[in-house]
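Descriptive structure summary
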Amino acid sequence: MQQPIAIFDSGVGGLTVVKEVMRQLPREKVIYFGDTARTPYGPRPAEEVVRFTREMVDYLIQFRPKMIVAACNTSTAVALDDIRSRVAVPVVGVIHPGARAANGRTQSGIVGVIGTEGTIHSGAYEQALKQLSPNIEVVSLACPRFVPLVEQGNFRSEETLETVRSSLVPLMETRLDTLILGCTHYPFLSETISEIMGSSVALINSADETAREISTILHDRGRLARNDELPVHQFFCSGDPLMFKKIAQQWLGEQIALTPVVWQVPKIG
Ligand code: DGL
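Everything numeric here is computed off the predicted structure, so don't read it as measured data.

1. Structural notes on the overall build of the protein
In terms of helices and strands, the protein carries 13 helices and ten strands. A globule of 269 residues ought to have a C-alpha radius of gyration of about 18 Å, and the protein, at 18 Å, matches this closely. Along the three orthogonal principal directions, the C-alpha set of the protein runs to about 55 × 40 × 35 Å. The buried share among the 269 residues of the protein stands at 56%. Considering only residue pairs separated by 6 or more positions, the protein has 79% of its internal contacts joining residues 24 or more positions apart. As presented, the protein carries roughly 11,800 Å² of accessible surface, and 48% of it is formed by carbon and sulfur atoms. Side chains of the protein carry 26 positive and 29 negative charges; the gap between the two charge centres is 6 Å.

2. Section: the side chain of Thr53
On the secondary structure map, Thr53 appears in helix α2 (residues 46–61). Leave out the neighbours within four places in its chain, and Thr53 touches Phe8, Tyr41, Ser75, Ala79 and Ile83.

3. Let's talk about the site of the ligand
Looking at the ligand, there are 14 residues lining it, with Ser10, Tyr41, Asn73, Thr74 and His185 nearest. Tyr41 places a main-chain nitrogen or oxygen 2.6 Å from an oxygen atom of the ligand. Between the ligand and Asn73, the relevant distance is 2.8 Å, taken from an oxygen atom to a main-chain nitrogen or oxygen of the residue. Coverage of the ligand by the protein chains reaches 99% of its 290 Å² of free accessible surface. Tallied by class, the residues present in the shell around the ligand amount to five nonpolar, eight polar and one charged.

4. Some remarks on the sheet that holds strand β5 (residues 110–115)
Across the sheet, which stays open at both edges, the four strands sit in the order β6-β5-β7-β8 with parallel pairing between neighbours. If you trace the sheet from one side to the other, it starts and ends with β6 (137–142) and β8 (202–205), each paired once. Each strand axis lies, on average, 25° off the axis of its neighbour in the sheet, ignoring direction. Judged from the four bridges that link them, β5 and strand β7 (residues 178–181) form a sheet pairing that is parallel.

5. Some remarks on empty space enclosed by the protein
Scanning the entire structure with this criterion turns up two cavities of 30 Å³ or more. Volume-wise, the largest cavity comes out at about 60 Å³. Ser10, Thr74, Thr116, Cys183 and His185 are the residues nearest the centre of the largest cavity, which is lined by 13 residues in total. Of the residues contributing to the lining of the largest cavity, the split by class is five nonpolar, seven polar and one charged. Space inside the second largest cavity adds up to approximately 40 Å³. As for the second largest cavity, its lining consists of Thr16, Val17, Leu181, Cys183, Thr184, Pro187, Asn205, Ser206 and Ala207. The residue makeup of the lining of the second largest cavity, split by class, is five nonpolar, four polar and no charged.

6. With respect to helix α1 (residues 15–24)
The periodicity of an α-helix, 3.6 residues per turn, causes residues three or four positions apart to be oriented the same way. Of all ten residues in α1, seven are buried, a share of seventy percent or more. Regarding α1, the residues found buried are Leu15, Thr16, Val17, Val18, Glu20, Val21 and Met22.

7. Thoughts on the packing of aromatic side chains
Taken as a whole and assessed by the stated rule, the structure comprises ten aromatic pairs. Ring geometry for Tyr59 versus Phe63: centroids 5.9 Å apart, planes at 65°, classification edge-to-face. By relative accessible area, which is 16% here, Tyr59 ends up buried. Summarising the aromatic geometry, the rings of Tyr59 and Phe236 are spaced 5.4 Å apart at their centres and angled 75° between planes, so their arrangement reads as edge-to-face. In this pair, Tyr59 sits in helix α2 while Phe236 sits in strand β9 (residues 233–237), placing the two residues 177 residues apart along the sequence. Among the aromatic side chains, those forming a connected cluster through ring pairs are Phe33, Tyr59, Phe63 and Phe236. Taking NZ or CZ as reference, Arg38 lies 3.7 Å from the ring centre of Phe52, over its face.

About the thresholds
Residues numbered from 1 in each chain as written. Predicted model: local features only at pLDDT ≥ 70, side-chain atom pairs only at ≥ 80, totals over all residues. Heavy atoms only, no water. Helix = DSSP H or I, 4+ residues; strand = E, 2+ residues; numbered from the N terminus. Rg over C-alpha atoms; globule rule 2.2 N^0.38 Å. Buried < 20%, exposed > 50% of the residue type's maximum accessible area, 1.4 Å probe, protein only. Contact = heavy atoms within 4.5 Å. Areas by Shrake-Rupley, 256 points an atom, 1.4 Å probe, with all protein chains shown as cover. Lys, Arg positive; Asp, Glu negative; His and termini not counted. Charge placed at Lys NZ, Arg CZ, Asp CG, Glu CD. Near = heavy atom within 4 Å. Polar contact = N/O pair within 3.5 Å; in protein donor to acceptor, adjacent residues only side chain to side chain. Nonpolar A, V, L, I, M, F, W, Y, C, P; charged D, E, K, R; others polar. Pairing = 2+ DSSP bridges. Axes fitted to C-alpha atoms, helices over the stretch in contact; angles between N-to-C directions. 1 Å grid on protein atoms, 1.4 Å probe; cavity = no way out; pocket = protein on both sides within 12 Å on 5 of 7 lines; lining within 4 Å. Points joined across faces, edges and corners; volume = space filled by probe spheres on them. Phe/Tyr/Trp six-rings, centres within 6.5 Å; stacked < 30°, edge-to-face > 60°. Lys NZ or Arg CZ within 6 Å of the ring centre and 35° of its normal.

It is worth stressing that arrangement in space is one thing and function is another; only the former is reported here.
Here's what the structure looks like:
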């Protein structure tokens, strides 16, 4: 039986990572869990995010994954070490890949990070960026109003434009040339964010770099899938399955159009 890659997030945000994994590694089977009943994680205390993350990992481990991907910056910031201490397979987060991509991209040496309150207050991006480049200047901003818009499938409305515009005002005074989308939900809003920030600011979506890291680790361990037939992906969410499925089908589009997919709503926690 093919061992899957298990990927999780507080909601639909991790689908941005799933899309890139499916694009770069089409033979790999993906098991996804979105904790849509308890999203957003951003405003929750760190201990609660650690507990919820454990519950998702405990659920996913029954599928005997060969790797676990925390496609959630908030969980990565506060729970990555905890997961690593509890499972025997490699665990990949999204913060280091995002920081690496931004560090490789910036010319001015001024990098912006937007994320949930939990991620921004943890200082995890700042730490990762300074490790790569001690002189880098990091401007961080929490954008707590973005995740609820994405979970409602509200990507391109007037309300979204206004929310993004007013939230990003503090960044307008800075001279950053690179902006990390430090929450996996934010790529759903990247067109709007880009419109507001202007074309001189490069947006960094850590999905691309995270998928490359997954590929490298599996390759180095000789664990890349070699099957000829298409894998059957499985998607789980803890909340409204209709909205979750609608957003997943819209976002993943052709990535899942040809492959069989299983959708389920289990009870966790
Ligand atoms: N998508 C998640 C992240 O990357 C969490 C968003 C939330 O639940 O607040 O941080």
